[in-house]
Amino acid sequence: MKHFYNNFKLLCLILAIGLTGCELDERIDDLTGGYEGYLINKLSGDTVTTEYYGAKIMLLDLKYGEVAQPLVYNILPNGEYKNSKVFPSNYRVWAEGPFYQQDTIYGDINHMKQINLTVTPNISLQIEKVELKYGIAAEVTYSYVLHNPHSTAADIGMVYGTDIYPGFKTAMNETGSARTYKRIKSGLTEKSGEFKETFFLKPNTTYYLRALGKGNNSGDYWNYSKQYILQTSNVDISGIPIEMNQGVTSATSSVLQWSFPESIVDKIKLSYTDRDGFAVESMFSPNAKSYVANLKHDATTTIGVELLTKEGVSSGVKSINVKTDKLSDYYVLAAQLGRPENIPLFYDRAFKMSLSKSHAEIKGPIMDPGWVNSPFRGEFIDWWNTWAAPTNMPKNEDIENYTTFTLYGEVKSLLDMLPFVNLEKLIILPGGDLFDTGLTIKADVDLTVLKSLKKLTTVELGTGVPLNESHFKNAGLDHLTIIKH
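Residues numbered from 1 in each chain as written. Predicted model: local features only at pLDDT ≥ 70, side-chain atom pairs only at ≥ 80, totals over all residues. Heavy atoms only, no water.

Enquirer: Requested: an account of the sheet that holds strand S19 (residues 244–249), with residues and values cited.
Expert: Strand order in the open sheet made by the three strands is S19-S20-S23, with antiparallel pairing throughout. The open sheet has two edge strands with one neighbour each: S19 and strand S23 (290–292). Strand-to-strand twist across the sheet, computed as the mean angle between neighbouring axes with direction ignored, equals 35°. Note that strand S20 (residues 254–258) and S23 share three bridges and pair antiparallel. Bridge pairing links Leu256 to Ser290 in S23. (Pairing = 2+ DSSP bridges. Helix = DSSP H or I, 4+ residues; strand = E, 2+ residues; numbered from the N terminus. Axes fitted to C-alpha atoms, helices over the stretch in contact; angles between N-to-C directions.)

Enquirer: Residues and numbers for unusual backbone geometry, please.
Expert: Peptide bonds are trans in most cases, and residues, glycine excluded, mostly fall at negative phi. Of note in this structure, Asn204 is not a glycine but carries a positive phi near 50°. Structurally, Asn204 is set in the loop between strand S15 (192–200) and strand S16 (206–215). Asn204 sits in the partly exposed class, given a relative accessible area of 49%. Its identity as a non-glycine residue notwithstanding, Asn294 has a phi of 60°, on the positive side. (Buried < 20%, exposed > 50% of the residue type's maximum accessible area, 1.4 Å probe, protein only.)

Enquirer: A description of a nonpolar patch on the surface should follow, citing residues and the corresponding values.
Expert: A contiguous nonpolar surface patch, about 420 Å² in accessible area, is contributed by Tyr52, Tyr53, Leu76 and Ile164. Its location among the elements puts Tyr52 in the loop between strand S1 (33–41) and strand S2 (56–61). (Patch = residues over 30% accessible without salt bridge, like charges linked within 9 Å, V, L, I, M, F, W, Y side chains within 5 Å. Areas by Shrake-Rupley, 256 points an atom, 1.4 Å probe, with all protein chains shown as cover. Salt bridge = Lys/Arg side-chain N within 4 Å of Asp/Glu carboxyl O.)

Enquirer: Run through the packing of aromatic side chains, naming residues and quoting values.
Expert: One pass over the structure, following the stated rule, counts 16 aromatic pairs. With a centroid separation of 5.5 Å and 85° between ring planes, the pair formed by Trp371 and Phe380 is classed as edge-to-face. Under the relative-accessibility criterion, Phe380 is labelled buried at 0%. Relative to Phe420, the ring of Phe405 lies with its centre 4.9 Å away and its plane at 50°, an arrangement referred to as tilted. One end of the pair, Phe405, is in strand S26 (residues 404–408); the other, Phe420, is in the loop between S26 and strand S27 (425–429), and 15 residues separate them in sequence. Of the two residues, Phe405 and Phe420, both sit in the buried class. Among the aromatic residues, ring-to-ring pairing joins Phe351, Tyr402, Phe405 and Phe420 into one connected group. If you follow Lys182 out to its NZ or CZ, it ends over the ring of Phe168, 4.1 Å from the centre. Across from the ring centre of Trp222, 5.5 Å away, lies the NZ or CZ of Lys214, which sits over that ring. (Phe/Tyr/Trp six-rings, centres within 6.5 Å; stacked < 30°, edge-to-face > 60°. Lys NZ or Arg CZ within 6 Å of the ring centre and 35° of its normal.)

Enquirer: Account for helix H2 (residues 349–367), naming residues and giving values.
Expert: Its 19 residues give H2 an end-to-end C-alpha distance of only 23 Å, which falls more than 12% under 27 Å, the value for a rise of 1.5 Å per residue. A maximum bend of about 45° is found in H2 at Glu361, where proline Pro365 lies one to four positions downstream. For H2, every residue scored as buried is listed here: Ala350, Phe351, Lys352, Met353, Ser354, Leu355, Ser356, Lys357, Ser358, His359, Ala360 and Gly364. Against the buried residues of H2 lie helix H3 (370–373), helix H4 (380–386), helix H5 (396–400) and S26. Where H2 begins, the side chain of Asp348 points an oxygen toward the backbone nitrogen of Ala350, at a separation of 3.1 Å. (Expected span 1.5 Å × (residues − 1). Bend = angle between axes of the 7 residues up to and from the residue. Contact = heavy atoms within 4.5 Å. Polar contact = N/O pair within 3.5 Å; in protein donor to acceptor, adjacent residues only side chain to side chain.)

Enquirer: Describe the pattern of salt bridges, with residues and values.
Expert: For the structure shown, the criterion picks out 21 salt bridges. Close ionic contact of Glu410 with Lys442 constitutes a salt bridge, the shortest N to O distance being 2.9 Å. A residue pair is termed long-range when its members are at least 10 positions apart, and Glu410 in the loop between S26 and S27 and Lys442 in the loop between S27 and strand S28 (458–461) qualify at 32 residues. In this structure Glu410 comes out as partly exposed when scored by relative accessible area, which is 23%. Salt bridges sharing common partners tie together Glu174, Arg183, Lys185 and Glu197.

Enquirer: I'd like a rundown of the side chain of Ser452, residues and numbers included.
Expert: With respect to the helices and strands, the residue Ser452 is situated in the loop between S27 and S28. When residues no more than four places from it in sequence are discounted, the contact partners of Ser452 are Tyr291, Ala293, Asn294 and Leu418.

Treat this as a map of the structure, not an account of what it does.
And the structure:
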């Protein structure tokens, strides 16, 4: 009991000493002070915008001197702050956030008071221009100026979404699923710059856009431009220009390359009359290669192009022209000819090796008998393209002479088969001794390409090839005879 009594006396002594060094706050019910104001850009006189929890206003009650802790309040994203319930006293007031210089104010706050804080932001950002295209494509021009002399690099970009005052902390990359997105350029060393970006948005929706930036010594603080509010409308797909580059081309076929926004266009419908006078209609996804086939040699064919949205809205039919090569033109363009390399047509390695093997066995006795039995005849085209005479490369007429052709190995695309207009039988085998040993065509290969081969009647599948008759039927090729080993 005596031990407990001594400890109790010691505790009382400690409390007494502590209380003599402090003064009880008698203003517990007195909150008649208050403040309101804005962060002001010292350079421009404009308001400094941030994000939610992106900047703080600090109030240090000078009544308690250095032992006091500052009161911390959040600043709104538009740079505004307000607090109508503050103890009346003398304060030191300043801000913390995305700026490298800030003024400090000393004074009393014993009633509601206007207090603007002047700061110099690390970066100034401005949305210069926003143009809405097709009803949902926002083409945004924005600029930045890096003020902080201690920053050697900056991250600059845009945040946008359906929430007001979008900020970096709540944004996700554009591949994610969110209400707010970000697109950032990192490590920029220029002190100023201007960028133009296009953002594809949902129709009939209100969006909020802000440019943002952060110096490499700014911690987690980001500067923002003023907010831009944009209202999208219905998709105006008719306004999308049909811009086409003719890709890899043979004497009868061509791959078409487009430059319209995939987020707007769901399908591309192509229509034309082939060399036999038949009307052809083909539908392609914008992220897949589209093509035309069975065209006349060395001729220009008019192709109708219609763009469709997911909702079935049509752009209307517009026209482009496709020019085919001559039969005497090289199917595989040699590097020595000074034209872009074309090995193979669609850059499928297994097809290139298969064609090299076949061409070496057919032409070898004439060009170089050694290639007929050479274990490197699968490399024939590569070999002759690097240093030998380009006249030994296959021509379009060589491809059209094939009535039977064998594909070996890990074939990933059948687009290379488009020029084989006289092909009657296609053989598909696993890789052998020459290349792709043990590898075979992919089970999910797009077989619909074979619809363009009008004379094709038979497909022979070697042991181990993961295709069967049902694959061809599902691709609309139920007229073919499928031989499975």
